[in-house]
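These are the residues of each chain, in order.
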Amino acid sequence: MSIAEKFVSMEYGPAPEDPKEAAAWLDRHKRRFDFFINGEWKSPAAGVYFDTLDPSTGEKLASVAQGTAADVDLAVNAARAAFPSWRALSPHVRARYLYALARLVQKHSRLLAVLETMDNGKPIRESRDIDIPLVARHFYYHAGWAQLLPQEFPDHEPCGVVGQIIPWNFPLLMLAWKIAPALATGNTVVLKPAEFTPLTALLFAELCHEANLPAGVVNIVTGDGSTGEALVKHPNVDKIAFTGSTEVGRAIRSATASSPKRISLELGGKSPFIIFEDADLDSAVEGLVDGIWFNQGQVCCAGSRLLMQESIAEPLIAKIRDRMSTLRVGAPLDKAIDIGAIVARVQLDRIQRMVAQGVAEGATCWQPELALPSRGFYFPPTLLSNVHPTSIVAQQEIFGPVLAAMTFRTPREAVELANNTVYGLASCVWSENINVALHVAAQIKAGVVWVNCTNLFDAACGFGGYRESGYGREGGREGLLEYLQPKWLMQAPKLPSAPPKSTPQNDDIDSTSTPAIDRTVKLYIGGKQARPDSGYSMEVRASDGRLLGEAPLGNRKDIRNAVEAARKAESWGNTTAHNRAQVLYYCAENLGLRRNEIISRLSAVTGEQQATSEVDLGIERIFTYAAWADKFDGAVHNPPFRNISIAMNEPIGTVAVICPADAPLLGFLSLVMPLLAMGNTVVAVPSENYPLITGDLYQLFDTSDLPSGAVNIVTGYVSQLLKTLAEHDDIDAIWCYGDDATVASAKAMSIGNLKQVWTNDGRVIDWFNPAVAEGRWFLEHATQVKNIWVPYGE
Ligand code: NAI
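The structure contained in this document is the topic of the report that follows. (Residues numbered from 1 in each chain as written. Predicted model: local features only at pLDDT ≥ 70, side-chain atom pairs only at ≥ 80, totals over all residues. Heavy atoms only, no water.)

Side note on the environment of threonine 222
Argument step 1. Counting through the fold element by element, threonine 222 comes out in the loop between β9 (218–220) and α9 (225–233).
Argument step 2. Between the alpha carbons of threonine 222 and aspartate 34 there is a distance of 8.1 Å; along the sequence they are 188 residues apart.
Argument step 3. Discounting chain neighbours no more than four positions away, the residues touching threonine 222 are Phe35, Val64, Ala65, Gln66, Gly67, Pro193, Pro198, Leu202 and Thr227.
Argument step 4. Here the side chain of threonine 222 touches alanine 65 through a polar contact of 2.6 Å, landing on its backbone oxygen. (Helix = DSSP H or I, 4+ residues; strand = E, 2+ residues; numbered from the N terminus. Contact = heavy atoms within 4.5 Å. Polar contact = N/O pair within 3.5 Å; in protein donor to acceptor, adjacent residues only side chain to side chain.)

Describing a negative patch on the surface
Argument step 1. Where like charges cluster on the molecular surface, the negative patch consists of Glu277, Asp278, Asp280, Glu432 and Glu794.
Argument step 2. By relative accessible area, glutamate 277 is classed as partly exposed at 45%. (Patch = residues over 30% accessible without salt bridge, like charges linked within 9 Å, V, L, I, M, F, W, Y side chains within 5 Å. Areas by Shrake-Rupley, 256 points an atom, 1.4 Å probe, with all protein chains shown as cover. Salt bridge = Lys/Arg side-chain N within 4 Å of Asp/Glu carboxyl O. Lys, Arg positive; Asp, Glu negative; His and termini not counted. Charge placed at Lys NZ, Arg CZ, Asp CG, Glu CD. Buried < 20%, exposed > 50% of the residue type's maximum accessible area, 1.4 Å probe, protein only.)

As for the pairing of strand β30 (residues 733–736)
A regular strand places its side chains on the two faces of the sheet in alternate fashion.
Argument step 1. Where burial is concerned, the two faces of β30 agree: the one with Ala733 and Trp735 and the one with Ile734 and Cys736 are both buried.
Argument step 2. Here 4 bridges tie strand β27 (residues 654–658) to β30, and the two strands are oriented parallel to one another. From the neighbouring strand, valine 655 faces β30, where its bridge partner is alanine 733.
Argument step 3. Bridge count for β30 against strand β31 (residues 756–759) is 4 bridges, and the pairing is parallel. The residue of β31 that forms the bridge with cysteine 736 is threonine 759.
Argument step 4. Note that the unit made of β30, helix α26 (residues 740–749) and β31 has a crossover that is right-handed. (Pairing = 2+ DSSP bridges. Right-handed = clockwise from strand over helix to strand, strands pointing away.)

Points about the site of the ligand
Argument step 1. Among the 25 residues in the neighbourhood of the ligand, the closest are listed as Ile166, Trp168, Lys192, Glu195 and Ser245.
Argument step 2. Residue glycine 225 places a main-chain N or O atom 3.5 Å away from an oxygen atom belonging to the ligand.
Argument step 3. Burial of the ligand by the protein amounts to 87% of the accessible area it has alone, namely 800 Å².
Argument step 4. For the shell around the ligand, the secondary-structure elements that each account for two or more residues are α9, β10 (239–243) and α13 (345–360).
Argument step 5. When residues of the shell around the ligand are assigned to their parent elements, the largest contribution, 3 residues, is made by α9.
Argument step 6. Of the residues in the shell around the ligand, the class split is 11 nonpolar, 8 polar and 6 charged. (Near = heavy atom within 4 Å. Nonpolar A, V, L, I, M, F, W, Y, C, P; charged D, E, K, R; others polar.)

Re the nonpolar core
Argument step 1. Counting residues in each nonpolar core, the largest one holds 107 residues, and the members touching the most others are Phe139, Leu183, Ile275 and Trp450.
Argument step 2. Looking at this core, the element that brings in the most residues is helix α7 (residues 171–184), giving 11 residues.
Argument step 3. In this structure, phenylalanine 139 is in contact with Leu98, Leu101, Ala102, Ala176, Ile179, Ala180 and Phe204, ignoring residues within four places of it in sequence.
Argument step 4. Core analysis: the next-biggest nonpolar cluster, separate from the first, contains 74 residues, Ile652, Leu665, Val711 and Ala773 among them. (Core = buried A, V, L, I, M, F, W, Y, C linked by side-chain atoms within 4.5 Å.)

A closer look at the sheet that holds strand β1 (residues 32–33)
Argument step 1. The sheet built from 3 strands is open, its strands ordered β1-β5-β4 with mixed pairing. Only two strands of the sheet have a single partner each, and these edge strands are β1 and β4 (49–54).
Argument step 2. Sheet strands touched by helix α5 (residues 109–120): β4 and β5 (59–65). Its angle to β4, the strand with the most contacts, is close to 100°. (Axes fitted to C-alpha atoms, helices over the stretch in contact; angles between N-to-C directions.)

A short note on helix α8 (residues 199–210)
Argument step 1. Here α8 contains 12 residues, and its C-alpha end-to-end distance of 17 Å stays within 8% of the 16 Å for a straight helix at 1.5 Å per residue.
Argument step 2. After α8 finishes, the residue asparagine 212 shows a positive phi value of roughly 60°. (Expected span 1.5 Å × (residues − 1).)

As for the side chain of aspartate 696
Argument step 1. Mapped onto the secondary structure, aspartate 696 falls in helix α24 (residues 693–702).
Argument step 2. Among all residues touching aspartate 696, those that are not within four sequence positions of it are Arg519, Ile598 and Arg601.

Comments concerning the environment of glycine 249
Argument step 1. When you line up the elements, glycine 249 lands in helix α10 (residues 246–256).
Argument step 2. For the pair glycine 249 and glutamine 347, spaced 98 residues apart in the sequence, the C-alpha separation amounts to 18 Å.
Argument step 3. With residues near it in sequence (within four places) discarded, glycine 249 still touches Phe242, Leu265, Leu267 and Leu754.

Overview of the sheet that holds strand β12 (residues 272–275)
Argument step 1. The strand order β14-β15-β16-β13-β12-β17-β18-β32-β26-β25 describes an open sheet built from 10 strands, whose pairing is mixed. On the outer flanks of this sheet lie β14 (364–366) and β25 (635–637), each paired with one strand and no other. When the angles between neighbouring strand axes are averaged without regard to direction, this sheet yields 20°.
Argument step 2. Together, β12, β13 (305–309), β16 (402–408) and β17 (426–430) form the strand contacts of helix α11 (residues 281–292), whose direction differs from that of β12 by roughly 175°.

So, a nonpolar patch on the surface
Argument step 1. Residues Ile3, Phe7, Val8 and Met10 make up a contiguous nonpolar surface patch of roughly 510 Å² in combined accessible area.
Argument step 2. Looking at the secondary structure, you find phenylalanine 7 in helix α1 (residues 3–9).

With respect to helix α3 (residues 69–88)
Argument step 1. When the terminal C-alpha atoms of α3 are compared, their 29 Å separation across 20 residues agrees well with the 28 Å that a helix rising 1.5 Å per residue should span.
Argument step 2. Of all the bends found along α3, the most pronounced is centred on alanine 82 and spans about 40°, while proline 84, a proline, follows it within four residues.
Argument step 3. Along α3, the residues classified as buried are Asp71, Val72, Ala75, Val76, Ala78, Ala79, Ala82, Phe83 and Trp86. (Bend = angle between axes of the 7 residues up to and from the residue.)

Considerations on the pairing of strand β15 (residues 382–385)
Argument step 1. On β15, burial covers both faces: Thr382 and Leu384 on one face and Leu383 and Ser385 on the other are all buried.
Argument step 2. As paired elements, β15 and β16 share 3 bridges and run parallel to each other. Note that in β16 the partner of leucine 384 across the bridge is alanine 404.

Structure, rendered in structure tokens:
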């Protein structure tokens, strides 16, 4: 027999990883686990435990405490008590603790990997070679940030007590993504692991103990969704960081809307995997294996939608099937296994249900012939072809080893299909033509684009979504900002609550003071002055009660028109930063030319002194953002692979802005200019006190080469316009300046499409103080980071 023939006939022998150490660890705990609170094991107040299973057999591994609100309360109190001294520690000492945790993860890496595989069902190859090394890397990387914090973030402070809720697909890795940046920035933590996979978090608790981490800095409370809910609702938690389903993300948005809690959400995805005809098809197929069959496809950024250029679809499908036939499904502790077990029976049922529905909707299902283990929860690698773009399997996250394949003809069509989803977490582009690949990468709405590679992660490269995949980033410099806040903000006083203004009834209108109306304005939509749909207007009065003029009362239809105009103008985001800077400088120049007339008009409501400052500082503020337009740029990361990762600050899209009432010009410019500088388009509701400023603003924009529709202004009452803006699915973010009640409504009403929300937390921002009213804080909220990974070398 020749060597070549031997290769063909050779079979894999079993190569099982020894679970002895992990079993001994479980036995040492008598296979029953309590919570880790204040540095100690605490039993549950209600005495209830639940089972965690080995998905490869369905057998019980251990029982784990079910947390109630009382247990969560204990943990939050411990974290609160530990916060002052943890935050006050020298950054170097905090860095040492993180470094110690990184070292301990490495020291216990095999035990962690085996335990992870037993609890989750993922192949040991993956937990050993990917998950656990990335966990260690995350702690190393953040030990570095802890050290550098005072130099790099001098004006920031930690949020306080952070509640962190993680999913089951990368249990320890998600823990590291959450805990490392939180601790590095001086926060304390209550973490709730997923109910299917709590074990490695409990082993990590022991590592915290071994590292002598001060008691209460890390607390782990196990339990199901109700435990998570109690954590989200706890009044003493300052921030919630969540990874999981979009549905629960929405529930968290809703539960926190009326509180000042900050939240970051990393949610689902339906990531496109685009293969062009000039791609290296064999590499692309290997990429697919890592893209959709890694971790049984239970990956938020799985390349679950294959978009193939039509000309290569047939040979590509043949190659994919060939490769699928060689994938080995089976006991995850076997080192030669590619696909392990699905995490739980309910997830397996869900995958089966969705595939059946996809087939009922016309997809062709292909699975290699292979024998699945007789016990445990397994699903074979699956290819669905002839999938219609509107099919459930093209639109919804399956979270299983299922690839849905579609074709496209041109790069443009590829981009359209890729973006035809509510999600925006990740994407892959395969082409040997780097120009095409990068051109397409720039157009895809997703937080990560892997060019000719897939599913690469590194602590230095921020990860997170666009659109309904959530917001906030994990990793990188931007990830730290999720756990920090500007020092001045927390010290700023609250805005007094203002009763909502609404359309005056006829009786309310003072008919005795009706001097000649010297000024009326219109709405400003798509670069044109527009009459309001309602045909009504609001009176605008001077501080002494004099009628100054009238402004239109915008309504739902006007907002819709404004949003449409803003969407059409989105090419503003593709103009060069230099060009945007020029337009902004031109705005400043034109404001300077009209200085005196605007001051004289504004004086009637604000007094001359404020009016003068608003105009003069307004000119400066525009200069500031013209200056930033070509300087708030991204970074090039150098992860530990033969790759660069280009972190680009991209505009968020169309942003609604509720402007401050009491600084009609300066407040408007302070919010709208950073958004414009970064390439967003805007629909703004100007000051309710002095909406007549719109007249001056549209003259300014009309004469400054700002493209039509880049800024649209709809005057009216915030109480009436906010709802339409917040609920509009074509608006990507809302910036709302207002009192507590207004801010809470903005948060509550924008849950539908999970808009990003920036608010003043109901606090006063002193628009006349450049130290707080301009700069990076605004720019960071006006952008989202996209990481484009590009490999190098042959
Ligand atoms: P899930 O979103 O329910 O669970 C994630 C975490 O949230 C768990 O720790 C869970 O206990 C907790 N949780 C559940 N309800 C909560 C609530 N009301 N308040 C606070 N915390 C709560 O995800 P599940 O049910 O495990 O999986 C369902 C689907 O979600 C999957 O099929 C997949 O499509 C998606 N998913 C996405 C993940 C991602 O990384 N993007 C991770 C896990 C699931």
